[in-house]
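Next come the chains, spelled out residue by residue.
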Amino acid sequence: MLSDIGLGSNLGDCIETIEGALESIADIDGVMPLAVSSIYKSEPAYYEDQETFYNAVCIVTTTLEPLDLLHALQGIENDFRRTRSFKNAPRTLDLDIIDIEGIESDDTELLLPHPLAFERGFVITPLLEIAPDFMFANGVLADDCNPLVGLTTDIAKPREDLAF
């Protein structure tokens with residue numbers, strides 16, 4: 001199955017953190033990296049009184065069940081000392097499953113496609129960079145989305161300079 005994963009960071013060396021997280025994702029058994037976007041700078045979303053975020057999106061193929069992939073990603077967040085002090089707080093690393101090919105889920109632990117992906121510039125912009133014709137499992141085209149929050153402001157590191 002194809003899976004799209006969003007990566008974000010706004011504490012510490014964010015670019016180094018995202019690069020390390022990409023390596024960790026590639027090391028998950030049952031996951032094969034396919035593509036990664038550039039790392040973008042973006043405005044904070046929802047809780048705006050915090051530092052600029054750095055975001056990317058990667059596409060992988062996986063043999064893992066969706067919840068198993070989620071738990072593996074949460075383990076990587078923990079490895080990077082992710083804390084959840086309050087909703088939308090600053091973070092060392094945030095990994096979100098944006099979409100898994102053909103799967104819609106209303107499971108409280110994993111909603112698919114990610115219900116806020118369509119309004120987030122830090123998801124839609126990097127996703128369109130690597131998958132310009134991307135369609136979410138619910139039939140929404142990424143190109144038809146109109147992001148309102150977390151708008152990207154600049155490329156911090158081009159995808160050509162990332163190893164994935």
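Counting restarts for each chain, with residues numbered from 1 along the sequence as it is written. Owing to the predicted nature of the model, reporting of local features is limited to residues with pLDDT of at least 70; listing and counting of side-chain atom pairs is limited to 80 or more, with chain, interface and lining totals taken over all residues. With hydrogens and water stripped out, all remaining heavy atoms of the structure feed into the side-chain values.

Turning our attention to the overall build of the protein. In terms of regular secondary structure, the protein is built from three helices and eight strands. The globule rule used here is 2.2 Å times the number of residues to the 0.38 power, and the radius of gyration it is set against is calculated over C-alpha atoms. In terms of overall size, the protein behaves like a compact globule, its C-alpha atoms giving a radius of gyration of 14 Å where 164 residues would be expected to give roughly 15 Å. Considering only C-alpha atoms, the protein reaches an extent of 35 × 35 × 35 Å along its principal axes. Each residue is assigned to one of three classes by its accessible area relative to the maximum for its type, calculated with a 1.4 Å probe on protein chains only: buried under 20%, partly exposed between the two thresholds, exposed over 50%. Looking at the protein as a whole, 46% of its 164 residues qualify as buried. Here, residues are in contact when the closest pair of their heavy atoms is within 4.5 Å. A separation of at least 24 residues holds for 73% of the contacts in the protein among residues at least 6 apart in sequence. Only the protein chains shown count as cover for residues, with accessible areas throughout obtained via the Shrake-Rupley method and a probe of 1.4 Å. Split by element, the accessible area of the protein, about 8100 Å² in all, is 48% carbon and sulfur. Neither His nor the chain ends contribute to the count of charged residues, in which Lys and Arg are positive and Asp and Glu negative. The atom standing in for a charge is NZ when the residue is Lys, CZ when it is Arg, CG when it is Asp and CD when it is Glu. Separation of charge centres in the protein, based on 9 positive and 31 negative side chains, amounts to 7 Å. Numbering of helices and strands runs from the N terminus, with a helix taken as a DSSP run of H or I at least four residues long and a strand as a DSSP run of E at least two residues long.

Further remarks concern a nonpolar patch on the surface. Judged by side-chain polarity, Leu2, Met32 and Leu34 come together as a nonpolar surface patch covering roughly 280 Å² of accessible area. Note that Leu34 resides in strand 2 (residues 31–36). Put simply, a patch holds well-exposed residues, over 30% relative accessible area, that have no salt bridge, with like charges counted together within 9 Å and Val, Leu, Ile, Met, Phe, Trp or Tyr side chains within 5 Å. Every case where a carboxyl oxygen of Asp or Glu lies within 4 Å of a side-chain nitrogen of Lys or Arg is listed as a salt bridge.

Here we take up the packing of aromatic side chains. For Phe, Tyr and Trp, where Trp contributes only its six-membered ring, two rings pair if their centres lie within 6.5 Å, and the inter-plane angle classes them as stacked under 30 degrees, edge-to-face over 60, or tilted in between. Overall, the coordinates contain two aromatic pairs when judged by the stated rule. With 4.6 Å between their ring centres and 65° between their planes, Phe118 and Phe136 make a pair best called edge-to-face. Taken as a pair, Phe118 in the loop between strand 7 (110–112) and helix 3 (121–130) and Phe136 in the loop between helix 3 and strand 8 (152–157) lie far apart in primary sequence, 18 residues in all. Plain terms: the ring middles of Phe134 and Phe136 are 5.0 Å apart, the flat faces sit at 90° to each other, and that makes the pair edge-to-face. Considered together, Phe134 and Phe136 belong to a single accessibility category, that of buried residues.

The term nonpolar core refers to a set of buried residues drawn from Ala, Val, Leu, Ile, Met, Phe, Trp, Tyr and Cys, joined through side-chain atoms within 4.5 Å. Counting 27 residues, the largest nonpolar core has Leu7, Ile25, Cys58, Leu73, Ile76, Leu95 and Ile97 as its most contacted members. Broken down by secondary-structure element, the contributors of at least two residues to this core are strand 1 (2–9), helix 1 (14–26), strand 2, strand 4 (53–62), helix 2 (66–79), strand 5 (94–100) and strand 7. Here this core takes five residues from helix 1, the largest share from any one element. With residues near it in sequence (within four places) discarded, Leu7 still touches Ile18, Ala21, Leu22, Ile25, Tyr54, Asn55, Ala56, Val57, Cys58, Asp94 and Leu95.

A pair can form between side chains of opposite charge whenever their charged atoms are brought close. Inspection of every chain in the model, using the stated rule, returns seven salt bridges. The shortest N-O distance in the salt bridge between Lys157 and Glu19 comes to 2.4 Å. Taken together, the residues Lys157 in strand 8 and Glu19 in helix 1 connect sequence positions 138 residues apart. Overall, the relative accessible area of 23% leaves Glu19 in the partly exposed class. The partner of Asp94 in a salt bridge is Arg82, and the shortest N-O contact between them spans 2.9 Å. With Asp94 in strand 5 and Arg82 in the loop between helix 2 and strand 5, the pair connects residues that are twelve residues apart, well separated along the chain. The burial state of Asp94 is the same as that of Arg82; both residues are buried.

Take Thr62: it is sitting in strand 4. Classification of Thr62 by relative accessible area gives buried; the value is 4%. Apart from the residues within four sequence positions on either side, Thr62 is in contact with Met1, Ser3, Gly30, Val31 and Leu69.

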